[in-house]
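Descriptive structure summary
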Amino acid sequence: MSKEPAIELRGISKAFGPVQANKDISISVMPGTIHGIIGENGAGKSTLMSILYGFYKADAGEIFIAGKKTEIPDSQAAIGAGIGMVFQHFKLVQNFTVLENIILGAEDGALLRPSLAKARETLTDLAREYELNVDPDALIEEVGVGMQQRVEILKALYRQADILILDEPTGVLTPAEADQLFRILDRLRNEGKTIILITHKLREIMDITDTVSVMRRGEMTATVKTSETNPEELAELMVGRKVLLRVDKLPAQPGDKVLQVEDLRFIDSAGVERLKGINLDVRAGEILGIAGVAGNGQSELLEILGGYATATGRIRMNGRDLDLTGTESDGQSRRAAGIAHVPEDRQSEGLIMNFSAWENTVFGYHLDPAWQRGLFMDNAAIKAEAAEKMQRFDVRPANPKLAAKNFSGGNQQKIVLAREIERNPELLLVGQPTRGVDIGAIEFIHKQIVALRDAGKAILLVSVELEEILSLADRVVVMFDGQIMGERLAAETNEKELGLMMAGVSGDAA
Amino acid sequence: MDRMPAWADATLVPLISLFLAAVLSAIVIMAIGENPISAFMLMVDGTLMRSSGWGYMLYYATNFMFTGLAVAVAFHARLFNIGGEGQALLGGLGVALVCMYIPWPHWSLAIFGASVGAALFGAAWAYIPAVLQAKRGSHIVITTIMFNFIAAAVLNYVLVNVLRPKGAQEPATGFFPDATALPSFFDMFATEGSRLFRNSPANVTFFLALAACVAVWLLIWHTRLGYQIRAFGERESAAKYAGINPVRITVIAMLISGGLAGMMAVNTTMGEAERLILNATEGAGFIGIAVALMGRSHPFGIFLAALLFGFLYQGGAELALWTNIPRELIVVIQALVILFTGALDNMVRMPLERLFLILRRTS
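In this report, we go over the structure that sits alongside the text. (Residues numbered from 1 in each chain as written. Chains lettered and ligands numbered in written order. Predicted model: local features only at pLDDT ≥ 70, side-chain atom pairs only at ≥ 80, totals over all residues. Heavy atoms only, no water.)

Digging into the sheet that holds strand S1 (residues 7-16) of chain A
Residue and element names in this part refer to chain A.
- Strand order in this open sheet of four strands is S2-S1-S4-S5, and the pairing throughout is antiparallel. Edge positions in the sheet fall to strand S2 (19-29) and strand S5 (68-69), since each has one partner strand and no second.
- Its contacts with the sheet put helix H1 (residues 45-52) on S1, S2 and strand S4 (60-65), and the angle it makes with S1 is roughly 115°. (Pairing = 2+ DSSP bridges. Helix = DSSP H or I, 4+ residues; strand = E, 2+ residues; numbered from the N terminus. Contact = heavy atoms within 4.5 Å. Axes fitted to C-alpha atoms, helices over the stretch in contact; angles between N-to-C directions.)

Things to note about the nonpolar core
- One finds Phe64, Leu69, Leu260, Val291, Phe309 and Leu312 of chain B to be the most contacted residues of the largest nonpolar core, which totals 58 residues.
- Residue assignment for this core shows that the elements contributing at least two residues are helix H1 (6-32), helix H2 (36-47), helix H3 (51-76), helix H8 (205-222), helix H11 (246-273), helix H12 (284-294), helix H13 (299-322) and helix H14 (328-343) of chain B.
- It is H3 of chain B that contributes the most residues to this core, 13 residues altogether.
- Both domains that furnish three or more residues to this core are identified here as domain 1 (1-34 + 324-363) and domain 2 (63-308) of chain B.
- Among all residues touching Phe64 of chain B, those that are not within four sequence positions of it are Leu69, Ala284, Ile287, Val291, Ala306, Phe309, Gly310 and Tyr313 of chain B.
- Counting residues in hydrophobic clusters, the runner-up holds 42 residues, among them Phe393, Ile421, Val437 and Leu461 of chain A. (Core = buried A, V, L, I, M, F, W, Y, C linked by side-chain atoms within 4.5 Å. Buried < 20%, exposed > 50% of the residue type's maximum accessible area, 1.4 Å probe, protein only. Domains from an automatic or database assignment.)

A closer look at the packing of aromatic side chains
- In this structure the tally under the stated criterion is 22 aromatic pairs over all chains.
- With a centroid separation of 5.5 Å and an interplanar angle of 65°, the aromatic rings of Phe355 of chain A and Tyr227 of chain B are classed as edge-to-face. Here Phe355 of chain A, found in the loop between helix H11 (346-350) and helix H12 (357-360), pairs with Tyr227 of chain B, found in helix H9 (residues 224-234), and the two come from separate chains.
- With a relative accessible area of 2%, Phe355 of chain A lands in the buried category.
- Judged by relative accessible area, which is 2%, Tyr227 of chain B ranks as buried.
- Ring centres of Phe75 of chain B and Phe80 of chain B lie 5.2 Å apart, and the angle between their planes is 35°; this geometry places the pair in the tilted category.
- Overall, Phe75 of chain B belongs to the partly exposed group, its relative accessible area being 24%. (Phe/Tyr/Trp six-rings, centres within 6.5 Å; stacked < 30°, edge-to-face > 60°.)

See the structure below:
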């Protein structure tokens with residue numbers, strides 16, 4: 001095997017306006033290895049990979065592939081150079097079959113039949129070689145995310161990629177599916193392929209990579225052998241200071257039942273039953289975590305509790321029934337009942353991105369008489385209060401006049417949290433509290449949630465990050481396909497057990 | 001991080017768009033065989049250099065302020081109300097009924113009553129498309145356009161068969177009682193010596209339009225309702241999260257929008273014609289769209305844009321009177337302004353943003 005690196009970047013720089021997204025980045029990855037790139041959101045990982053895949057043109061720097069200087073002006077050139085990319089959000093045509101998706105863009109001529117026949121043959125070979133089992137004739141919309149991802153990998157391999165880039169590949173997978181993916185990656189490595197894995201999960205870096213590069217604010221802060229480092233050191237390199245990876249909290253002191261959900265059912269507009277009889281309750285002073293792979297009904301549960309989807313069944317708040325279908329089933333009456341809600345998607349629900357921060361600090365509570373003066377809204381009072389809230393929740397920059405879209409993900413989330421926690425609710429619904437949030441802010445956000453729990457409030461936490469559920473929640477229920485598979489105390493379970501339930505194994509068996 | 005200072009976004013972009021529209025218009029005028037510079041001088045002379053020109057310009061601007069505000073309020077809720085024309089026609093009916101069938105002692109009370117009548121009729125005409133949009137998902141652009149035609153037909157029927165005085169040949173109502181006659185600018189500002197605003201239609205409704213600008217500004221940025229309208233317009237999913245009822249906000253925003261469009265009739269029907277005639281709106285409902293686009297849905301911008309279009313309207317009439325340039329050319333210029341300020345907005349904005357970026361980096 002040659003001693004030439006499979007891929008080498010030298011002095012790559014890229015600026016977007018005044019923002020230096022990549023600054024003099026150099027890495028070299030040897031063939032047959034897995035190289036991890038880790039960094040917080042906005043550290044410049046995606047920009048770097050976009051340059052490598054021909055989406056952006058670097059302002060400066062050179063790319064060498066197998067020792068040869070290569071220009072990559074567009075993705076066709078990247079494919080030609082043997083680079084394959086598996087995006088975080090799959091680029092598959094839903095109503096095409098697996099086979100059709102694989103040849104899409106790589107057809108051999110105007111007629112499809114010969115290409116399909118050739119692809120079928122190649123696919124069988126690839127499947128045997130790398131354990132990439134897929135059903136070539138299944139429609140994409142009918143197969144699970146795990147298989148969709150394998151199709152993406154096959155697409156790259158079909159185009160004879162030697163270098164595979166995977167961007168946050170485990171975001172949508174169950175732990176078991178992630179393990180399977182890692183087995184495939186391991187196999188690919190053994191066959192001499194070069195893999196670049198972009199992730200923000202330290203555990204994945206430790207598990208599978210040979211070398212790892214850490215990015216911070218557009219710069220490559222370190223490149224180390226994975227065997228010679230540890231998660232704490234990597235986290236420190238990412239953030240630039242010491243970080244507490246575990247949530248520091250005392251045992252919960254659960255009180256009375258605040259929220260009781262009985263036989264909750266929900267059918268979506270397409271007629272699919274998304275919730276199939278959910279029963280759960282949350283007590284004062286505890287955090288109930290709902291684990292599960294995205295899309296198993298957690299979002300619908302939050303929407304119903306938050307008052308913007310109708311359902312059948314029964315929801316009681318402090319013993320009082322909530323309206324699930326009528327005029328009283330809106331966000332306003334839920335807030336009046338003492339429910340605050342940090343929604344899963346802060347950009348399309350929790351905040352109005354074009355509103356200033358101060359306007360967002362009353363969003364959902366804009367009808368509160370405290371914010372009115374006669375006929376008008378008391379904008380001066382709202383602004384003053386917003387400035388204080390932003391100080392208390394360490395929102396940076398603490399400028400209430402700035403539009404929400406101009407804050408980083410973590411600071412946007414702090415604005416939402418500040419608004420909801422400061423209402424001192426009986427029950428706080430939290431969806432994906434740290435999605436797209438940098439490690440430094442995660443620590444702060446977790447602390448705030450625990451502090452609210454310690455103040456005797458009930459908290460319902462939905463997260464697809466199992467680590468987050470395990471470290472933050474006191475009690476865990478697992479949702480799969482609109483049902484609850486089982487319940488565990490967070491202190492008495494582990495990722496493996498929960499992972500089984502997330503894959504649909506009932507809690508009694510797991 | 002904003003790429004461009006707010007003042008540049010609010011002033012430079014529309015001004016450059018306007019300039020580009022003017023250049024293209026000049027080319028069109030040259031193609032007709034006229035001199036664009038003398039045509040422009042003629043427009044200025046017939047509009048800004050004489051007080052009667054001002055009187056016409058402000059009269060038109062009054063119409064455009066109402067219809068522009070109407071479009072803007074709907075815009076804030078991300079609703080495209082193309083139905084200003086029909087709502088204004090119906091507003092005229094409201095004004096006529098109020099003026100003809102209620103014995104008003106004085107114009108100051110009558111203008112209040114007529115405004116309410118105009119707003120109610122305009123709002124009622126916007127209500128049906130609003131409900132269809134909110135509850136049935138029928139696209140408001142389609143329904144409001146259709147309602148323009150229905151409004152024209154309804155008015156035609158009412159004028160020919162119901163309100164036309166016996167024996168009259170024209171499809172129009174009789175003249176309103178004298179007590180409902182609104183003071184014109186000539187009545188208000190002319191002195192023995194000056195004869196300001198003589199023979200021009202501008203009237204006290206202009207101040208009503210200014211008040212409407214202030215009221216809309218207060219509504220949009222200083223009330224709960226305005227907050228909800230803007231939030232709903234920005235992101236419906238977020239509005240639902242916040243407990244803002246989409247159906248309610250859609251209907252309310254359209255009622256306000258229709259009411260404002262309807263109030264335009266106070267100016268045309270009560271202030272100028274003093275009776276209800278066919279096609280009293282003369283397309284002002286559509287020009288409101290351009291005015292709102294150009295004014296960036298802000299009442300102050302709408303005020304300026306309405307003045308500009310008032311100038312174009314009056315100047316266009318002058319052109320038609322003194323040159324071979326047809327009055328329709330103004331429609332072409334309006335279309336160009338809409339094209340540049342609305343559809344091609346980014347064509348101007350993006351180079352400008354780049355320019356500011358370079359300026360900032362070098363400084």
